[in-house]
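What follows is each chain in one-letter form.
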Amino acid sequence: MAQPQLGRFGDRRLASVGDSLLAAMQKQRTMCLHALAENRSQARQFHRFLDNEAVSTREMLVHAGRQTAERAAGRHVLAITDTSELNYATHTGRKRGFGSVGNGEDLGVLLHPVIAVDAEQGGLIGLVGAEVINRPESQGSLTATAKAEALKRRPADEKESRRWLAGAETAGAVLADAAMITMVEDREGDIYDQFARRPDNVHLLVRAARSRMLEDNDGLFERCAEWSAVTQHTIRVPAKHGKVQRAERTAVVAVRYGEVTVKRPRRADDDLPQTLSLRVVDVREVDPPADPDQRVHWCLLTTHAVGGTVEAMRIVAWYRLRWIIEQVFRTMKTDGVDVETSQITTPGSLLKLVTVALLAAIRVMQLVIGRDGSTGQELTDVADPIEVPALQAISTSLEGRTEKLKNPFDPASLAWYAWIAARLGGWSGYTSKGYKPPGPKTIARGLKRLDAMVQGWMLANRSAVVGLP
């Protein structure tokens, strides 16, 4: 399958400009349209494309979803979703019509994508769908207390948290041909409505946000602590930045599992069932630090059956793959596209460009995750077969004299492609102790050079590419 296209938009010329914009985003990794464009004429084309009402984020997302659905057919797919804030506080004087994020004062939008990951191999398959949310300006002007009261009065389907339910519905529809679908979500997705109203073909795996009240009025976290641990594991706890900071460390965790019946919260809609039966896999640090914010505790609620230690550890492994979406966000913000630097002043155009940036970031992360061949993905997940001769020539030119500096992967694999991009991005090619594997920044740099080299090779060898004598 060729690199993802944006969509058709009912007009061949619009589709062509859209594909050029996506290709430029993947090459240049910038939100500046003038930097993306080859000349002033193309910059104007990009501006008009984003301002055109016929161009919609929905069309872009539907087109991307179709491509992902084709690759996901017959596989067990983890539909991983989360929300990221894109903050434009430094652009307050230039942007109009934007709502608030974070502290209720900074301008910005919310990005809530659903990505497909292979449950068995951990490879990033592609984008399932997304919501790019611009909060109403009136909501941004309310105090925190007023916002909370306004949210309480809203029906469930009108709340901003509806995006979590919508994500499950999108996954169920787009990935209908998958062998199995499991939504994987962090604590913000712990919503009673979602468990009660999930699509029939979608399982849930959600980290509990609170110690929910059980049928017998016991607390969820307290009940889990009473269960016997079935195994212990040493895990790496990654560093964390932001309001709560954490240095990287290792931790010994105990794993427990069981089944509970949770009660419907008082604020939930009355038409929802009064109780729900869920399975729980509880991962808790054995000798935790004194600071509660530093402790490891994952109380994982799921609709999957958990009948033994093997099933429990499988649930933990699936949840840990949630880090992939965090890496996509990081690639968008700091390691690749730098999406928060956009100078576009209108919400409609910015939301479209953010969607383009999301697709570009996912391509980078496909290569980062599949760089060692462990995901078993094919080259056609990221490149058009017509590019193979060019890629073979480029790969050969990058190889050294020793076996250690030759591309070790099957030319039909995504890992072979990732090796080329990494070498062009400045990676040494060595995999022995002391040499780090290529990360998102390296891959992004490499793709910028690789795409240009492939294009140049194909132009220089046009007769061979099109089959002319």
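In what follows, the structure referred to is the one given above.
Everything numeric here is computed off the predicted structure, so don't read it as measured data.

Counting secondary structure elements, the chain contains 16 helices and 11 strands. Out of the 469 residues belonging to the chain, those deemed buried represent 51%. Here the analysis covers contacts within the chain between residues at least 6 apart in sequence; of these, 66% occur between residues at least 24 apart. For the chain, the accessible surface area stands at approximately 22300 Å², while carbon and sulfur atoms represent 48% of it.

A few words now on the nonpolar core. Ranked by internal contacts, the top residues of the largest apolar core, which has 100 residues, are Phe-49, Val-354 and Leu-450. Broken down by element, this core gets its largest block of residues, 16 residues, from helix 12 (residues 347-370). With near-sequence residues (within four places) excluded, Val-354 lies in contact with Met-31, Leu-86, Tyr-88, Leu-111, Val-132, Met-332 and Val-339. One finds Ala-116, Ile-125, Val-262 and Leu-276 within the second-largest nonpolar core, a separate group that totals 32 residues.

Each aromatic ring pair is specified by the distance between its two centres and by the angle formed by the two planes. This structure, assessed with the given rule, holds 1 aromatic pair. Aromatic pair Trp-298 and Tyr-319: ring centres 5.4 Å apart, planes at 55°, arrangement tilted. Taken as a pair, Trp-298 in strand 11 (residues 297-302) and Tyr-319 in helix 10 (residues 309-320) lie far apart in primary sequence, 21 residues in all. With respect to burial, Trp-298 and Tyr-319 carry one shared label: buried.

What follows is about the state of the cysteines. Summed over the entire model, instances satisfying the criterion amount to 0 disulfides. Sulfur of Cys-224: no disulfide; nearest cysteine sulfur belongs to Cys-299 and is 4.0 Å away. According to the relative accessible area criterion, Cys-224 is buried, its value standing at 0%.

This part is about the environment of Met-180. Along the chain, Met-180 turns up in strand 6 (residues 180-185). Sequence spacing of Met-180 and Gly-74 is 106 residues, and the spatial spacing of their C-alpha atoms is 7.9 Å. If near-sequence neighbours (up to four positions away) are discounted, Met-180 is found in contact with Arg-75, His-76, Val-77, His-203 and His-304.

To continue, consider the environment of Gln-377. By the element assignment, Gln-377 lies in the loop between helix 12 and helix 13 (388-398). Once the C-alpha coordinates of Gln-377 and Leu-414 are considered, the two residues, 37 residues apart in sequence, prove to be 5.5 Å apart. Ignoring anything within four residues of it in the chain, the contact list for Gln-377 reads Gly-123, Leu-124, Ile-125, Gln-366, Ser-413 and Leu-414. One polar contact links the side chain of Gln-377 to the main-chain carbonyl oxygen of Leu-124, over a distance of 2.9 Å. A polar side-chain atom of Gln-377 sits 3.1 Å from a polar atom in the side chain of Asp-381.

Of all 13 residues in strand 4 (residues 106-118), 12 are buried; the element is thus mostly enclosed. Bridging between strand 2 (residues 84-87) and strand 4 involves 4 bridges; their strand directions are antiparallel. Across the sheet, residue Asn-87 finds its bridge partner in strand 4, namely Gly-108. Alignment of strand 3 (residues 100-101) against strand 4, held across 2 bridges, turns out to be antiparallel. Bridge pairing links Ser-100 to Leu-107 in strand 4. The sheet contact formed by strand 4 and strand 5 (residues 124-133) spans 8 bridges and is antiparallel. Bridged to Ala-116 within strand 5 is Gly-126. Hairpin connection between strand 4 and strand 5: a loop of 5 residues separates the two successive antiparallel strands, and Gly-122 in this loop has a positive phi of roughly 85°.

Before going further, it helps to examine the pattern of salt bridges. Under the defined criterion, the tally for this structure stands at 18 salt bridges. For the salt bridge of Asp-381 with Arg-71, the shortest nitrogen-to-oxygen distance reads 3.8 Å. Taken together, the residues Asp-381 in the loop between helix 12 and helix 13 and Arg-71 in helix 4 (residues 57-72) connect sequence positions 310 residues apart. With respect to class, Asp-381 is no different from Arg-71; both count as buried. Its salt-bridge partner being Asp-216, residue Arg-223 comes within 2.3 Å of it at the nearest N-O pair. Arg-223 sits in the buried class, given a relative accessible area of 18%. Among the residues examined, Asp-216 registers a relative accessible area of 49% and is labelled partly exposed.

Another aspect to go through is the packing of helix 13 against helix 15 (residues 440-460). Here helix 13 crosses helix 15 at 115°, and the two axes come no closer than 9 Å. By crossing handedness, the relation of helix 13 to helix 15 is classed as right-handed. Contact residues: helix 13 offers Pro-389, Ala-390, Leu-391, Ala-393 and Ile-394, while helix 15 offers Leu-450, Met-453, Val-454, Trp-457 and Met-458. Class assignment of the residues belonging to the contact of helix 13 with helix 15 gives a composition of 10 nonpolar, no polar and no charged.

Take Gln-42: it is sitting in helix 3 (residues 40-51). Residue classification places Gln-42 among the buried positions, given a relative accessible area of 15%. Here Gln-42 is in contact with Ser-20, Leu-36 and Ala-37, once residues within four sequence places are set aside.

Attention now moves to the packing of helix 12 against helix 15. In the contact formed by helix 12 and helix 15, the axes pass within 9 Å of each other and the chain directions differ by 110°. Judged by the inter-axis angle, helix 12 sits roughly perpendicular to helix 15. Pair helix 12 / helix 15 crosses with right-handed handedness. Between helix 12 and helix 15, the residues in contact are Arg-363, Val-364, Met-365, Leu-367 and Val-368 and Pro-440, Ile-443, Ala-444, Leu-447 and Asp-451, respectively. The residue inventory of the contact of helix 12 with helix 15, partitioned by class, reads 8 nonpolar, no polar and 2 charged.

Criteria and cut-off values
Residues numbered from 1 in each chain as written. Predicted model: local features only at pLDDT ≥ 70, side-chain atom pairs only at ≥ 80, totals over all residues. Heavy atoms only, no water. Helix = DSSP H or I, 4+ residues; strand = E, 2+ residues; numbered from the N terminus. Buried < 20%, exposed > 50% of the residue type's maximum accessible area, 1.4 Å probe, protein only. Contact = heavy atoms within 4.5 Å. Areas by Shrake-Rupley, 256 points an atom, 1.4 Å probe, with all protein chains shown as cover. Core = buried A, V, L, I, M, F, W, Y, C linked by side-chain atoms within 4.5 Å. Phe/Tyr/Trp six-rings, centres within 6.5 Å; stacked < 30°, edge-to-face > 60°. Disulfide = S-S within 2.5 Å. Polar contact = N/O pair within 3.5 Å; in protein donor to acceptor, adjacent residues only side chain to side chain. Pairing = 2+ DSSP bridges. Salt bridge = Lys/Arg side-chain N within 4 Å of Asp/Glu carboxyl O. Axes fitted to C-alpha atoms, helices over the stretch in contact; angles between N-to-C directions. Left-handed = near helix turned anticlockwise from the far one by under 90°. Nonpolar A, V, L, I, M, F, W, Y, C, P; charged D, E, K, R; others polar. Parallel < 35°, antiparallel > 145°, perpendicular 65-115°, else oblique.

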